[in-house]
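So the chains spell out like this:
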Amino acid sequence: MKNTKADFDLFVIGAGSGGVRAARLAAQSGAKVGIAEKDRIGGTCVIRGCVPKKFLSYSSKFSKHNAVAESYGWHHEEITFSWNKLIENKNKQIEKLSNIYRSNLEKAGVKIFESEARIIDTNTVKLSKGDEYCAEKILIATGAKPNFPDIKGANNGISSDDFFELKKLPQNIIVVGGGYIALEFSSIISGLGSKCELLYRGDKLLKGFDQDISRIITQELQSEKCNVRLNTDVVEITKNKNQYDVVTSDGIRLKTDLVLFATGRLANIDCINKDLDIKINTHNGILVNKKYQTTVPNIFAVGDVSNSDHLTPVAIREAMIFARNEFEKDNSNYIMENIPTAVFSSPEIGTVGLNEDQALEKYKKIDIYTSTFRPLYYTLSDINVRTYIKLIINNKSQRLLGFHMVGDDAAEITQMISTLINKKIKKTDLDNTIPLHPSTSEEIMTMRDMVTKEI
Ligand code: NDP
């Protein structure tokens, strides 16, 4: 059935963080909005990403905190962990969040279609049931899906999406990759008591991060429960009864109960009809301009499906800019730089601004302040946890250019520092601030250990 022209002012494909925000804002501005979602409302972040990952991450930290508790006088007879309980509670909470997203869309007057959608021409969207709708504008917010490397037996491995649905937590797990998901899941696995082998093809984990962060997290991850193998690629995986044999590039054969691929994510672009002239960039994302417009002017894209950073707050910000530009005619400039980011590994990583190499390249002469210390919290126990903080300062202007941290609460602290970087504060502004004692962030106000680097 084909409906009459312009059934909607905006049709959004994908009800994840970006799609939901854009649909709600456009509808609240008076636009007639439809949204199609083939899975549950909430998208990667809510259903199979940030939120459930954080629950698993919180859970994994109790092994360390339970050990610290002993040093504070607490004694537990026996502590056991139930994967089923964790997954059951996680699922309940995810269901709640998904329902909140749904009711927010409904309250804003957005028409929800629980269906796959395809763009068949510049103004027409076809749902899997066959209905077609005409829209003035179309927004693609379909996110990204896991990438599996092109190796023999890759189908024997799973992605992080599947990990959340495991019926039980295997005892031995191989994680392939060296980015966000690989580090976060290696920490979760080892924290929950299973053994983990992290196989990364490169020589430094977390490509693009500050080199000291990469060095420190590699040392910190390496433990009795987690073995990090750098310069190691997987060439083949074969199933062997209930286990898998993983052959590496250096000829080693490893046995494991599960292989988890954390080898990047690829844009979900299946909703685009091949005849449409929507350009895809080299990284497989949809090419957009500053208004999130694709190469077809009335079709837009935000979030992981486009060429932006794969981060939820970035998708949300892009959706806000899109909705305000297109439906409120508000062309305000939004700051899209100094995007703070955290890796919820154990220990946690927080980073914002320029890393050492980027700052040197741009400003030629920089001051680097570093501090490594044992947080007070751990000092009663024999657990040797350290916190590392690095500040990058422009030598000439003395402005703060970058902040990098490995340690507890790194994400929380980094969020605050990102405002200071956007406000272009100087090192003296930190020095002049009274430290809050005793705390981890007081260290940032008292950093003296400095080297100057120049190229
Ligand atoms: P990342 O891009 O962070 O890392 C992908 C890793 O996989 C890299 O180490 C890469 O190696 C490796 N890799 C890619 N292809 C292959 C291959 N064919 N064989 C072997 N290794 C390969 O992606 P993730 O999958 O970790 O995460 C996906 C996205 O989700 C990220 O872009 C991230 O922004 C986002 N995310 C954010 C989180 C957060 O904010 N806390 C949490 C989780 C995900 P190399 O370095 O050599 O290219």
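Each remark here, short or long, concerns the structure printed above.
Residues numbered from 1 in each chain as written. Predicted model: local features only at pLDDT ≥ 70, side-chain atom pairs only at ≥ 80, totals over all residues. Heavy atoms only, no water.

K.L.:
Could you give an account of the pairing of strand E9 (residues 172-176), with specific residues and numbers?
P.N.:
Of all five residues that make up E9, four are buried, and the element is covered over most of its length. As paired strands, E9 and strand E10 (residues 195-199) are joined by five bridges and run parallel to one another. Bridge pairing in E10 links Ile 173 to Cys 196. Each parallel crossover has a hand, and the one from E9 via helix H6 (residues 180-191) to E10 is right-handed. The sheet contact formed by E9 and strand E15 (residues 258-261) spans four bridges and is parallel. Looking at the pairing, Val 176 lines up with Phe 261 of E15. (Buried < 20%, exposed > 50% of the residue type's maximum accessible area, 1.4 Å probe, protein only. Helix = DSSP H or I, 4+ residues; strand = E, 2+ residues; numbered from the N terminus. Pairing = 2+ DSSP bridges. Right-handed = clockwise from strand over helix to strand, strands pointing away.)

K.L.:
Residues and numbers for the sheet that holds strand E11 (residues 226-229), please.
P.N.:
A sheet is described by the order of its strands in space; here five strands give the open sequence E8-E15-E9-E10-E11, paired in parallel fashion. Among the strands making up the open sheet, the edge pair consists of strand E8 (158-159) and E11. The sheet contact formed by E10 and E11 spans four bridges and is parallel. Within E11, the residue paired with Leu 199 across the bridge is Arg 229.

K.L.:
Explain unusual backbone geometry residue by residue, including any values.
P.N.:
Between Ser 346 and the following residue, Pro 347, the backbone shows a cis peptide bond with an omega angle of 0 degrees. The omega torsion across His 437 and Pro 438 is -10 degrees, close enough to zero to call that bond cis. Along the chain, Pro 438 falls in the loop between helix H11 (427-431) and helix H12 (442-445). For Asn 231, which is not glycine, the phi dihedral falls at a positive 50 degrees. With respect to the helices and strands, Asn 231 occurs in the loop between E11 and strand E12 (234-240). For Asp 409, which is not glycine, the phi torsion reads 65 degrees and is therefore positive. Inspection of the secondary structure puts Asp 409 in the loop between strand E22 (400-406) and helix H10 (410-422).

K.L.:
Describe in detail the site of the ligand, supporting the description with residues and values.
P.N.:
Around the ligand, the surrounding shell holds 21 residues, and the nearest of these are Gly 178, Ile 181, Tyr 200, Gly 264 and Ala 342. Note that an oxygen atom of the ligand is positioned 3.4 Å from one of the backbone N or O atoms of Gly 179. Taking 900 Å² as the accessible area of the ligand by itself, protein coverage stands at 77%. Here the residues of the shell around the ligand are counted per class, giving eight nonpolar, seven polar and six charged. (Near = heavy atom within 4 Å. Polar contact = N/O pair within 3.5 Å; in protein donor to acceptor, adjacent residues only side chain to side chain. Areas by Shrake-Rupley, 256 points an atom, 1.4 Å probe, with all protein chains shown as cover. Nonpolar A, V, L, I, M, F, W, Y, C, P; charged D, E, K, R; others polar.)

K.L.:
Tell me about the environment of Arg 324, and please be specific about residues and values.
P.N.:
Position of Arg 324 among the secondary structure elements: in helix H8 (residues 312-328). Along the primary structure Arg 324 and Val 259 are separated by 65 residues, whereas in three dimensions their C-alpha atoms are 44 Å apart. Excluding residues that lie within four positions of it along the chain, Arg 324 makes contacts with Lys 329, Asp 330 and Tyr 334. (Contact = heavy atoms within 4.5 Å.)

K.L.:
Mind laying out helix H7 (residues 211-221), listing which residues take part and the relevant values?
P.N.:
If you check which residues of H7 are buried, you get Asp 212, Ile 213, Ser 214, Ile 216, Ile 217, Thr 218 and Leu 221. One side-chain oxygen at the N-terminal end of H7 lies 3.0 Å from the backbone nitrogen of Asp 212; it belongs to Asp 210.

K.L.:
So what's going on with the sheet that holds strand E18 (residues 341-343)? Which residues, and what values?
P.N.:
Strand order in the open sheet made by the six strands is E18-E19-E22-E21-E20-E23, with antiparallel pairing throughout. Each edge of the open sheet carries a strand with a single partner, namely E18 and strand E23 (450-454). Shown here is a sheet whose adjacent strand axes are inclined to one another by a mean of 15 degrees, direction ignored. Against the sheet, H7 contacts strand E19 (349-353), strand E21 (387-394) and E22, and its axis sits at roughly 5 degrees relative to E22. (Axes fitted to C-alpha atoms, helices over the stretch in contact; angles between N-to-C directions.)

K.L.:
Pulling in residues and values, what's your account of the side chain of Glu 348?
P.N.:
Secondary-structure assignment places Glu 348 in the loop between E18 and E19. Within the structure, the side chain of Glu 348 is placed 3.3 Å from the backbone nitrogen of Ala 410, a separation counted as a polar contact. Excluding residues that lie within four positions of it along the chain, Glu 348 makes contacts with Lys 61, Val 343, Met 405, Val 406, Gly 407, Asp 409, Ala 410 and Ala 411.

K.L.:
Requested: an account of the nonpolar core, with residues and values cited.
P.N.:
Counting residues in each nonpolar core, the largest one holds 53 residues, and the members touching the most others are Phe 11, Val 33, Ile 140 and Phe 322. The element that contributes the greatest number of residues to this core is H8, accounting for seven residues. For Phe 11, the contacting residues outside a window of four places in its chain are Gly 34, Ile 35, Ala 36, Phe 113, Val 125, Leu 127, Tyr 133, Ala 135, Lys 137, Ile 138 and Leu 139. Within the second largest apolar cluster, 36 residues are counted, among which are Val 175, Phe 185, Ile 188 and Leu 198. (Core = buried A, V, L, I, M, F, W, Y, C linked by side-chain atoms within 4.5 Å.)

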